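Okay, here's what each chain looks like letter by letter:
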2 protein chains.
Amino acid sequence: MEFYSSHITNLVEQLSRLPGIGVKSAQRLAFYILNMTEDQTIALAEAITSAKKNVHYCKECYTYTDGELCPVCSSPQRNHKQIMVVENPRDLAAYEKTGKYDGVYHVLHGAISPMAGIGPQDIKLAELMTRLQGDISEVIVATNKNLEGDTTATYISKLVKPLGIRVSRIASGVPAGGDLEYIDEVTLYRALEGRTDM
Amino acid sequence: MEFYSSHITNLVEQLSRLPGIGVKSAQRLAFYILNMTEDQTIALAEAITSAKKNVHYCKECYTYTDGELCPVCSSPQRNHKQIMVVENPRDLAAYEKTGKYDGVYHVLHGAISPMAGIGPQDIKLAELMTRLQGDISEVIVATNKNLEGDTTATYISKLVKPLGIRVSRIASGVPAGGDLEYIDEVTLYRALEGRTDM
């Protein structure tokens, strides 16, 4: 890419670091960006830096928010005794879209994966246990239906059951191996309705 | 996406305006960006704005450059009497990678496409004709081997031939319907070697 400009080379390099974007895609994006108006490129750049600057974890559930608490955790309309445990904020968003869940969430930011060297201490599990010292009636484990998600669910179940709190797992309406965020809303809703005790 | 933060919503919206990036991909990218360090996000944002700010057309061939002339046009090692006409800077880069072409280029920034409402006046054709007033021995038309590229090639041939300048078209080593930028270097080289007069 040195045929034109070090600025383009640098832009392509920066873009190709993003997930799912190879060198060819990065080149396409770079040339597209060069064809945008200057205002548009500034808006894009500012969206990146200001999101990074202003967005942090919700103090309660660890999803992304720009306040101290996320809208779900700060809502008096939600049932704060029911906690749905998800792997990441995208899964939370997927369940929020169903409009059928009125409890709160806990975002683990990952799942236990011995293969990838991710243990219980690498995800927000201690933070979940701290929350369970409050008045909690149920923990719904909505981790993905794959090896890591199931391992994490079993681990959580073993930790939570001794506390006398109901632990449930969303039903297998979610297909095996499926990533929550790509599932349609009806399926997600049915999986919630059909949840079974663990 | 209003479950977390307007900053995330805005970032997702900005990213999903880029070509080939849908809402799901934009969400993935946004969360990836949030997980980057602040320095990394600043580097990405600055790459975008500084490329847009510093990169412009080469005064001679209209590829992207940050100088007045691109490295090819300013090189005394290149044959400035031989001009290869390409649709965009990515195609120029593809031919430069072969290392087998020592002439210069002319970047049209598009191709004639009556279907898309793109006429000869919408691409850098007048600029090519201006260059041909100098001492030029050959115009090699390396537009894509599809309807628009062939139409453009024929159009250029009709304009250039009356000037007594040789006009050639790269050989059909490039597969029909193929985009130059995805072709391997050997095929590109063979297409150049096998070029025929128009």
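A.B. asks: Can you break down the pattern of salt bridges residue by residue, with the values?
C.D. replies: Residues and elements named next belong to chain A. Taken as a whole and judged by the stated rule, the model has 14 salt bridges over all chains. A salt bridge links K59 to E68; the shortest N-O distance between them is 3.1 Å. An identical accessibility class is assigned to K59 and E68; each is exposed. In this structure, D135 engages K81 in a salt bridge whose closest nitrogen and oxygen atoms are separated by 3.1 Å. Of the two residues, D135 sits in the loop between α5 (125–131) and β5 (138–141) while K81 sits in strand β3 (residues 79–86), which places them 54 residues apart along the sequence. In this structure D135 comes out as exposed when scored by relative accessible area, which is 54%. For K81, a relative accessible area of 39% gives the class partly exposed.

A.B. asks: Now, about the domain arrangement of chain A: what can you tell me, with residues and values included?
C.D. replies: For chain A, the domain assignment lists domain 1 (6–54) and domain 2 (64–197). For domain 1 of chain A versus domain 2 of chain A, the distance between C-alpha centres works out to 34 Å.

A.B. asks: Account for the interface of chain A and chain B, naming residues and giving values.
C.D. replies: Across the contact, 56 residues belong to chain A and 56 residues belong to chain B. Roughly 5,300 Å² is buried in total at the junction of chain A and chain B, and carbon and sulfur atoms are behind 66% of that figure. Summed over the shared surface of chain A and chain B, the number is zero salt bridges. Here chain A is connected to chain B by nine residue pairs in polar contact (both at pLDDT 80 or more). For the side of chain A that touches chain B, the secondary-structure elements that each account for two or more residues are α1 (6–16), α2 (23–35), α3 (38–54), β2 (64–65) and α4 (89–98) of chain A. The residue makeup of the side of chain A that touches chain B, split by class, is 29 nonpolar, 14 polar and 13 charged.

A.B. asks: Go over unusual backbone geometry with me, naming the residues and quoting the values.
C.D. replies: For residues that are not glycine, phi is negative in most cases, and the peptide bond is trans in most cases. Despite not being glycine, Y62 of chain A shows a phi value in the positive range, around 70 degrees. Not every positive phi belongs to a glycine, and H109 of chain B is a case in point at roughly 60 degrees. As for its position among the elements, H109 of chain B is in the loop between β4 (103–107) and α5 (125–131).

A.B. asks: Lay out the relation of the copies chain A and chain B with the relevant residues and their values.
C.D. replies: Relative to chain B, chain A is turned by 180 degrees and slid 0.0 Å along the rotation axis, the superposed coordinates differing by an RMSD of 0.0 Å. Considering both components of the superposition, the chain copies are consistent with a two-fold axis. Taking C-alpha positions as reference, the residue of chain A nearest the rotation axis is A45 of chain A, located at 2.1 Å. Residue by residue, 100% of the interface of chain A is reproduced at the interface of chain B, so both copies engage with the same surface.

Thresholds, definitions, all that
- Residues numbered from 1 in each chain as written.
- Chains lettered and ligands numbered in written order.
- Predicted model: local features only at pLDDT ≥ 70, side-chain atom pairs only at ≥ 80, totals over all residues.
- Heavy atoms only, no water.
- Salt bridge = Lys/Arg side-chain N within 4 Å of Asp/Glu carboxyl O.
- Buried < 20%, exposed > 50% of the residue type's maximum accessible area, 1.4 Å probe, protein only.
- Helix = DSSP H or I, 4+ residues; strand = E, 2+ residues; numbered from the N terminus.
- Domains from an automatic or database assignment.
- Contact = heavy atoms within 4.5 Å.
- Buried area = accessible area lost by both parts, 1.4 Å probe.
- Polar contact = N/O pair within 3.5 Å; in protein donor to acceptor, adjacent residues only side chain to side chain.
- Nonpolar A, V, L, I, M, F, W, Y, C, P; charged D, E, K, R; others polar.
- Least-squares fit on C-alpha atoms with pLDDT ≥ 70 in both.

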